[in-house]
Number of protein chains: 2
Amino acid sequence: MAYNVPPLEELIDKFASLPGIGRKSAQRIAFYLLNKSESDIKAFAKTMLKAKSDIHYCEECQTFTDGEKCSICANPTRDSSTICVVENSKDVMALERTNEYHGYYHVLHGLMSPIDNITPDQLKIKELVSRVAKGDVTEVIMATNPTVEGDTTALYISKLLDPFGVKVTRLAYGIPVGGSLEYSDDITLVKAFEGRTAIN
Amino acid sequence: MAYNVPPLEELIDKFASLPGIGRKSAQRIAFYLLNKSESDIKAFAKTMLKAKSDIHYCEECQTFTDGEKCSICANPTRDSSTICVVENSKDVMALERTNEYHGYYHVLHGLMSPIDNITPDQLKIKELVSRVAKGDVTEVIMATNPTVEGDTTALYISKLLDPFGVKVTRLAYGIPVGGSLEYSDDITLVKAFEGRTAIN
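Analysis parameters
- Residues numbered from 1 in each chain as written.
- Chains lettered and ligands numbered in written order.
- Predicted model: local features only at pLDDT ≥ 70, side-chain atom pairs only at ≥ 80, totals over all residues.
- Heavy atoms only, no water.
- Least-squares fit on C-alpha atoms with pLDDT ≥ 70 in both.
- Contact = heavy atoms within 4.5 Å.
- Domains from an automatic or database assignment.
- Buried area = accessible area lost by both parts, 1.4 Å probe.
- Polar contact = N/O pair within 3.5 Å; in protein donor to acceptor, adjacent residues only side chain to side chain.
- Helix = DSSP H or I, 4+ residues; strand = E, 2+ residues; numbered from the N terminus.
- Nonpolar A, V, L, I, M, F, W, Y, C, P; charged D, E, K, R; others polar.
- Pairing = 2+ DSSP bridges.
- Axes fitted to C-alpha atoms, helices over the stretch in contact; angles between N-to-C directions.

Asker: Where do I start with the relation of the copies chain B and chain A in this structure?
Answerer: Each copy of the chain is related to the other by a rotation around an axis and a translation along that axis. Expressed as a screw transformation, the operator carrying chain B onto chain A has a rotation angle of 180 degrees and an axial translation of 0.0 Å, and the superposed copies differ by an RMSD of 0.0 Å. On the angle and the small slide along the axis, the relation comes out as a two-fold axis. For chain B, the residue whose C-alpha comes nearest the rotation axis is Ala45(B), separated from it by 2.4 Å. The share of interface residues of chain B whose copies in chain A are also at the interface is 100%, consistent with both copies meeting through the same surface.

Right under this line is the structure:
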């Protein structure tokens, strides 16, 4: 059922086009915004435009930042011998939360995927290679998701980095902590077996 | 964990302030938008501003419209003897979908609620009274939600309309079609008993 009010329909369409927002939620948001003051709407629109104009890729690791370098790359106390390669900026935050890794990152902004027509040249792989070529790095940790696309991308990059003689590693596959064998899928179990480690 | 990028934080905050969007979804949307082109973001912002500037209340029924009157009020073939009073514009659409009601509507834009500090003068009640005062209307159907606020508002309006001698009715309470007695709450069952009708 349409509302017969074109600007309202357009507003709903725009919100419904965002990830994770269905048509019902988009309607709810549209009505919510219409009940807000014009200055609130202007502030919202301005925030969107400002974010787009101010935020760009860090010149080193390619994550989103509003400065020249992101706060991690600008930190000289981190371990410059390792680079952890991730799919997107959200993954950097997930890994930073652990407080376990103290090297630098590299954000690919996607994964190779023939089905979605994403080829290596659309990812920030060239930038990674030139960082490794500088010679400081001794280990590149591939922390792409454990999916076909993640594995393919990790393998592709490891081949590319071969000539530089750096160690290329991959995050461990296995049963998540707190998970159960009963509900783990077969491939995870196989990988958990393959990756078994000595207890002492 | 913060991203240390103020414009990004602001963008996430704005989306997280919308109804039905949590912080995780807001992050996802923010990153999605940052990967869109600047013209896409501008179009999104423009749609929001245009909706806010073009859409206002229908001068008759107070629903959202971009014309002087909404498409329902502008339709002279509808039954001018009844007005159906609802809380918001979404309710108009819900009732229109049924194709059962052919009179006009009146949107209150809220319900009386002492807890939320919403008093009758913040609702479009004056406008309803002046429509009824014109004399065409013989029945006002209160279709506010069956909640404390909805009932209070309906009762308040019915008292206000007393002097005009119009019939004021209320939508029936009862078990939803397809629902089951087992899962109905007690008050609904009591109301269903009270409102029982003869089968033939």
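Asker: Help me out: how do you make sense of the domain arrangement of chain A in this one?
Answerer: Interfaces are often described in size by the accessible area the parts lose on coming together. The domain architecture assigned to chain A consists of domain 1 (6-40) and domain 2 (76-198). Look at where the C-alpha atoms of domain 1 of chain A and domain 2 of chain A centre, and you get two points 37 Å apart.

Asker: For this particular structure, what's the right way to read the interface of chain B and chain A?
Answerer: The interface of chain B with chain A comprises 50 residues on the first partner and 50 residues on the second. A combined buried area of about 5,000 Å² lies between chain B and chain A, and 77% of that area is made up of carbon and sulfur atoms. The tally of links from chain B across to chain A stands at six residue pairs in polar contact (both at pLDDT 80 or more). Only helix H1 (6-16), helix H2 (23-34), helix H3 (38-54), strand E2 (64-65) and helix H4 (89-97) of chain B provide two or more residues apiece to the side of chain B that touches chain A. Across the side of chain B that touches chain A, the residue classes tally to 28 nonpolar, ten polar and twelve charged.

Asker: Sorry, what's going on with the sheet that holds strand E6 (residues 167-170) of chain A here?
Answerer: The strands making up a sheet associate through backbone hydrogen bonding, with each pair oriented either parallel or antiparallel. Residues and elements named next belong to chain A. Taken in spatial order, the four strands of this open sheet run E4-E3-E5-E6, and their pairing is parallel. This sheet does not close on itself; its edge strands, each paired only once, are strand E4 (103-107) and E6. Neighbour-to-neighbour, the strand axes of the sheet open up by a mean angle of 25 degrees, direction not taken into account. With four bridges joining them, strand E3 (residues 79-86) and strand E5 (residues 139-142) adopt parallel strand pairing. Bridge pairing in E5 places Thr82 opposite Glu139. Together, E3 and E4 form the strand contacts of helix H4 (residues 89-97), whose direction differs from that of E4 by roughly 155 degrees. Against the sheet, helix H6 (residues 148-161) makes contact with E3, E5 and E6, and its axis sits at roughly 170 degrees relative to E6, the strand it touches most.

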